[in-house]
Every structure is written in C-alpha cells, then in structure tokens.
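Coordinate analysis (summary)
The lines below spell out each chain.
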Amino acid sequence: MINGDSEQLLSEIGEIYRDTFARFDPERRPPQVHVRFYPYIGINHTIRVRSGQVFVRIAEICHDMPMVAQHGLADILVRKLLGKRASRRTGEPYEEYVRSLEIRERADHSRRTRGRKVVTGTKGEVYDLDEIFDSLNFWYFKSSVKKPTLTWSPRKSFHILGHHDSTHDTISISRSLDSTIVPRYVVEYVLFHEMLHIVHPAVHHNGRRYHHTVTFRRDERRFPHYHEAERWITYNVGKLRPAAKRK
Ligand SMILES: [Zn+2]
C-alpha cells in the first residue's frame, strides 16, 4: 500500500501538482496536469510542458508511493520546472520514501537469494494483526480469504505501511502503526488493502504488472472508513516519527 495505476489515483496526483503550481503562483490559473506511471529503469521522473499543459511521468517502481511522498515529489519537480531552489523540508517525505524503497529493494534481493523472510509475529504492543485479520475477513470477505503469514515489519517504516508478498504469501504491516496514537480503522484499512492484493492478484498487460486494477480500487472504496483512513495517513503518519528524527 498505497499505490496504483487507476485513473482516480492519477487524477488525485494531478491535483497535487495543480495545488503545487497554485502555491508558487497564486495569481495564475494552474495548468492542466497529466500524470502517468512510466516504466523507467530505476527511480527517475520527468516533468515537461507542451502546449501549455504539464506532463508528469513517475517511475513505475514508485507505484506504491504514499500521497505524502507524492506531495514531496510534486514540490521537487515543480520547483525544478520553475527554476526554483529545492527545499529540503518539503521534499523530505519523498526522499524518505526513496530511501525506504532502496532498502526494500535490497531486502527483496537478499531475500530472494537466501529464500527466507523475517517474520516477527502478529501480536504487537497495541494491535493483534491476527485478530484484525479475522474480523476483516468475517465482515468484508465472508471469511473467504485464506490467512497468509501475518507479521509486523521488523523496522518501523513510515512510508511503506503495508506490503503483500505473494511469493512468500506474507502480509507485513509497518510497526509504526502499532501505536495507541493510531486509530484502529487505520490499521484495519492498511491490512484491508493488503488483503485485497490476495483477492485481486496482479494483472499482466503489455509487459507491465498492474497491482491496483479498477476492481481493486473499487473494492478498496468499500471499506467504510476509506476517506478518514486516507486522510489520517496523509496528515498523521509523519507525527509517529520519533522526535529525535524530526527536523
Ligand atoms: Zn497495494
């Protein structure tokens, strides 16, 4: 989580860019912005202007970038386009996402080489993933989802909140969410999203893998606290970070 290729998501990201343009130039009507995920090799993004419209291509590998990091990336790209100096503060959520992505890529690689996975158990200090899984399965899936290996992530990631690994049939949820500050519906929502990856396996099309299909996104919106949970994540996940790491 939280990613996708759906039109809805792309237009939400487009709105972020329009807001970013508006922030830099409030007098002017923000341009039309077209956003696409693009299968660049590695972490690479582009922004261009053509006939007064803005075209943004975000590296496919960043398909699961959370909205807070999308805001950071929009800030970086729009500044670049407008010839403004980069801001460390506004770009930080994106930079952090990239660092975590690189760590994850390396972890994926070494996991593949060694063929094992770190599992730390379902019982956290506040939430029990096993129990939440059972209740989500009962209420939203008629108990039809076969239980994968559930685990809290060994590290507290603030930008990769959940991950479904189909190879190892494992769902891991970021330990940062195992906190009294985090409402239960947020943990439920992240786990619900990962459960949908079991229900809707990735679709291959023209050599690309689509994890968040239209039906996936439609089902995702059936979660009763969808909007609250998205909003909570956008505005609060940063606050979970230890004070020492906050700049
Ligand atoms: Zn996902």
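Residues numbered from 1 in each chain as written. Predicted model: local features only at pLDDT ≥ 70, side-chain atom pairs only at ≥ 80, totals over all residues. Heavy atoms only, no water.

Quick look at the overall build of the protein chain now. Scanning the protein chain from terminus to terminus reveals 7 helices and 8 strands. Counting over 247 residues, the protein chain shows a buried share of 50%. The long-range fraction of contacts in the protein chain, counting pairs at least 24 apart against all pairs at least 6 apart in sequence, stands at 59%. As displayed, the protein chain has an accessible area near 13500 Å², and 52% of this comes from carbon and sulfur atoms. (Helix = DSSP H or I, 4+ residues; strand = E, 2+ residues; numbered from the N terminus. Buried < 20%, exposed > 50% of the residue type's maximum accessible area, 1.4 Å probe, protein only. Contact = heavy atoms within 4.5 Å. Areas by Shrake-Rupley, 256 points an atom, 1.4 Å probe, with all protein chains shown as cover.)

Moving on, we come to the pairing of strand E3 (residues 53-59). Taken together, the 6 bridges between strand E1 (residues 33-38) and E3 define a ladder with parallel strand orientation. Counted as the bridge partner of Phe37 is Ile58 from E3. Examined bridge by bridge, strand E2 (residues 46-50) and E3 share 5 bridges and lie antiparallel to one another. By the bridge assignment, Val49 is partnered in E3 with Val54. Remark: 2 residues form the turn of the hairpin made by E2 and E3, two consecutive strands paired antiparallel; Ser51 in that turn has positive phi of roughly 50°. (Pairing = 2+ DSSP bridges.)

What follows deals with the pattern of salt bridges. Tallied over the entire structure, the rule returns 15 salt bridges. Here Glu92 ties to Arg99 by a salt bridge, and the two come within 2.9 Å at their closest N and O atoms. The class for Glu92 is buried, based on a relative accessible area of 18%. Here the residues in one salt-bridge network are Arg23, Asp75 and Arg79, joined through shared partners. (Salt bridge = Lys/Arg side-chain N within 4 Å of Asp/Glu carboxyl O.)

What follows concerns the packing of aromatic side chains. Considering all chains together, one arrives at 7 aromatic pairs under this definition. With centroids separated by 5.7 Å and ring planes inclined at 85°, the aromatic side chains of Tyr189 and Tyr226 adopt a geometry described as edge-to-face. Residue Tyr189 is found in helix H5 (residues 184-199), and its partner Tyr226 is found in helix H7 (residues 226-236); the two are separated by 37 residues along the sequence. A residue is classified by how much of its surface remains accessible, and Tyr226, at 6% relative accessible area, is buried. Here the aromatic cluster, defined as three or more aromatic residues joined through ring pairs, consists of Tyr140, Phe141, Tyr189, Phe192, Phe223 and Tyr226. Over the ring of Phe24 we find Arg23, and its NZ or CZ is 5.2 Å from the ring centre. (Phe/Tyr/Trp six-rings, centres within 6.5 Å; stacked < 30°, edge-to-face > 60°. Lys NZ or Arg CZ within 6 Å of the ring centre and 35° of its normal.)

Right, let's talk about the sheet that holds strand E5 (residues 162-165) for a bit. The 3 strands are arranged E4-E6-E5 in an open sheet whose pairing can be described as mixed. Each of the sheet's edge strands pairs with one partner strand only, and the pair in question is strand E4 (149-152) and E5. On average, each strand axis in the sheet is inclined to that of its neighbour by 15°, with strand direction left out of account. Alignment of E4 against strand E6 (residues 170-173), held across 4 bridges, turns out to be parallel. Bridging across to E6, Trp152 finds its partner in Ile173. (Axes fitted to C-alpha atoms, helices over the stretch in contact; angles between N-to-C directions.)

Taken in spatial order, the 3 strands make up an open sheet running E1-E3-E2, and their pairing is mixed. Of all strands in the sheet, those bounded by a partner on one side alone are E1 and E2. Taking each pair of neighbouring strands and ignoring which way they run, the sheet shows an average axis angle of 20°. The strands touched by helix H1 (residues 7-24) are E1, E2 and E3; relative to E1, the strand with the most contacts, the crossing angle is about 125°.

Before going further, it helps to examine the packing of helix H4 (residues 129-141) against H5. Between H4 and H5, whose axes approach to 10 Å, the crossing angle comes to 65°. Viewed along their axes, H4 and H5 adopt a mutual orientation that is roughly perpendicular. At the point where H4 passes H5, the crossing takes the right-handed sense. Counting all contacts with H4, which are made through Leu129, Glu131, Ile132, Phe133, Ser135, Leu136, Asn137, Tyr140 and Phe141, the residues of H5 involved are Arg184, Val187, Glu188, Leu191, Phe192, Met195, Leu196 and Val199. Looking at the contact of H4 with H5, its residues break down into 12 nonpolar, 2 polar and 3 charged. (Parallel < 35°, antiparallel > 145°, perpendicular 65-115°, else oblique. Left-handed = near helix turned anticlockwise from the far one by under 90°. Nonpolar A, V, L, I, M, F, W, Y, C, P; charged D, E, K, R; others polar.)

Functional significance is not addressed by these values, which are geometric in nature.
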